[in-house]
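What follows is the residue order along each chain.
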Amino acid sequence: MTEYHGNVHVGGPAQTHELAKLMITKVAVGPGNNNAYLLRSRLTDEQVLIDAADEAETLLKVIGEGGISRVITTHQHGDHWQALAEVVARTSAVTVAGRDDAEGIPVPTDEPVTDGDRIHFGELTLEVITLVGHTPGSIALLYDDPTGPPHLFTGDSLFPGGVGNTRGVKENFDSLLHDVETKLFARLPDETWVYPGHGADTTLGTERPHLNEWRERGW
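Scoring rules and cut-offs
- Residues numbered from 1 in each chain as written.
- Predicted model: local features only at pLDDT ≥ 70, side-chain atom pairs only at ≥ 80, totals over all residues.
- Heavy atoms only, no water.
- Pairing = 2+ DSSP bridges.
- Helix = DSSP H or I, 4+ residues; strand = E, 2+ residues; numbered from the N terminus.
- Phe/Tyr/Trp six-rings, centres within 6.5 Å; stacked < 30°, edge-to-face > 60°.
- Buried < 20%, exposed > 50% of the residue type's maximum accessible area, 1.4 Å probe, protein only.
- Lys NZ or Arg CZ within 6 Å of the ring centre and 35° of its normal.
- Salt bridge = Lys/Arg side-chain N within 4 Å of Asp/Glu carboxyl O.
- Axes fitted to C-alpha atoms, helices over the stretch in contact; angles between N-to-C directions.
- Contact = heavy atoms within 4.5 Å.
- Polar contact = N/O pair within 3.5 Å; in protein donor to acceptor, adjacent residues only side chain to side chain.

A. Region of interest: the sheet that holds strand β9 (residues 124-130). Strand order in the open sheet made by the six strands is β8-β9-β10-β11-β14-β15, with mixed pairing throughout. Looking at strand neighbours, the two that pair on one side only are β8 (118-121) and β15 (202-203), the edges of this open sheet.

Rendered as structure tokens:
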């Protein structure tokens, strides 16, 4: 197994991060270089997919014969659900999305979620963290690993180098930065691994020194 570094590209191989109880497979798909993440319980083999962004055949190959129980969509923007309908049709997976973004996703949301909700698969749990600003109902998903640092899937709300795009709307930027600071940085340790919706992974410790810089520049 290649050591996980999280740097994937469209058309290239997936990368798998092996944790004690969880396997995280990251693959890049589509013209927006979107990341999709397959999470598998090592105890029960139950799998969930975060963001059926594009390239259904690529995602289904990563999913394999074991199927998935759920597809979680981090937010309503179209580049994060292009393959959702086909993946659901082929796997019969339950759909999950933030309550305030569900109407913007053309595939019906079976399980709308909000801040503090829990998503269970196998013996594992993901905590839903609502981050308002990139969209009204964007969610992050926290796996609080009992054997190591936390692992955080942030959609388009937090990236290496800043928060998600709020299109110059100050109110949205202020909301997103506030939520990221209070719900992520104020709560979670520096070693928290961050898996964004596009591009490379990072950690909260890498990004923490730059919060004031982000605030001052306004994006």
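From this point, things continue past the structure.
B. Quick peek at the packing of aromatic side chains. Tallied over the entire structure, the rule returns seven aromatic pairs. Aromatic pair tyrosine 4 and tyrosine 195: ring centres 6.4 Å apart, planes at 50 degrees, arrangement tilted. With a gap of 191 residues between them, tyrosine 4 in the segment before β1 (15-18) and tyrosine 195 in strand β14 (residues 193-196) connect regions that are remote in the sequence. This pair shows no difference in class: tyrosine 4 is buried, exactly as tyrosine 195 is. Ring centres 5.3 Å apart and planes at 65 degrees place the aromatic pair tyrosine 37 and phenylalanine 153 in the edge-to-face group. Residue tyrosine 37 is found in strand β3 (residues 34-41), and its partner phenylalanine 153 is found in strand β11 (residues 151-155); the two are separated by 116 residues along the sequence. A single burial state applies to tyrosine 37 and to phenylalanine 153, both of which are buried. Of note, arginine 217 hangs over the ring of tryptophan 219, and the distance from its end group to the ring centre comes to 3.8 Å.

C. Expanded view of the pattern of salt bridges. Summed over the entire model, instances satisfying the criterion amount to 12 salt bridges. Among the ionic pairs, arginine 90 bridges to glutamate 57, the shortest N-O distance being 3.0 Å. Of this pair, arginine 90 sits in helix α2 (residues 84-91) while glutamate 57 sits in helix α1 (residues 56-63), placing them 33 residues apart in sequence. Under the relative-accessibility criterion, glutamate 57 is labelled partly exposed at 48%. One salt bridge connects glutamate 111 with arginine 70, and the closest N-O pair in it is separated by 3.0 Å.

D. Structural context of the pairing of β1. For β1 and strand β2 (residues 22-29), the ladder comprises four bridges, and the chain directions are antiparallel. Bridge pairing in β2 links glutamate 18 to methionine 23. If you look at the hairpin formed by β1 and β2, you'll find three residues sitting between the two strands.

E. Local environment of the pairing of β8. Because side chains alternate across β8, one face comprises the buried residues Ile119 and Phe121, and the other comprises Arg118 and His120, none of which is buried. Linking β8 back to β9 in an antiparallel pair, the connection comprises two residues, with glycine 122 at a positive phi of about 55 degrees.

F. Spotlight on the sheet that holds strand β4 (residues 47-50). Spatially, seven strands are ordered β1-β2-β3-β4-β5-β6-β7 in an open sheet, and the strand pairing comes out mixed. Pairing within the sheet leaves two strands with one partner each, and these edge strands are β1 and β7 (111-113). Across this sheet, the average inter-strand angle for adjacent strands is 20 degrees, counted without regard to direction. Bridge count for β2 against β3 is eight bridges, and the pairing is antiparallel. The residue bridging isoleucine 24 from the neighbouring strand is leucine 39, located in β3. Along the sheet face, α1 touches β2, β3 and β4 and points at about 160 degrees away from the line of β2. In this fold α2 packs onto β4, β5 (70-73) and β6 (94-98), with an angle of close to 165 degrees to the strand it touches most, β5.

G. Inspection of the side chain of aspartate 201 at higher detail. In this fold, aspartate 201 is placed in the loop between β14 and β15. A polar side-chain atom of aspartate 201 sits 2.5 Å from a polar atom in the side chain of lysine 26. A distance of 2.9 Å separates polar atoms of two side chains, one belonging to aspartate 201 and the other to tryptophan 193. Sequence-distant contacts of aspartate 201, that is, excluding residues within four places in its chain, are made with Tyr4, Gly6, Lys26, Tyr37, Pro160, Trp193, Val194, Tyr195 and Pro196.

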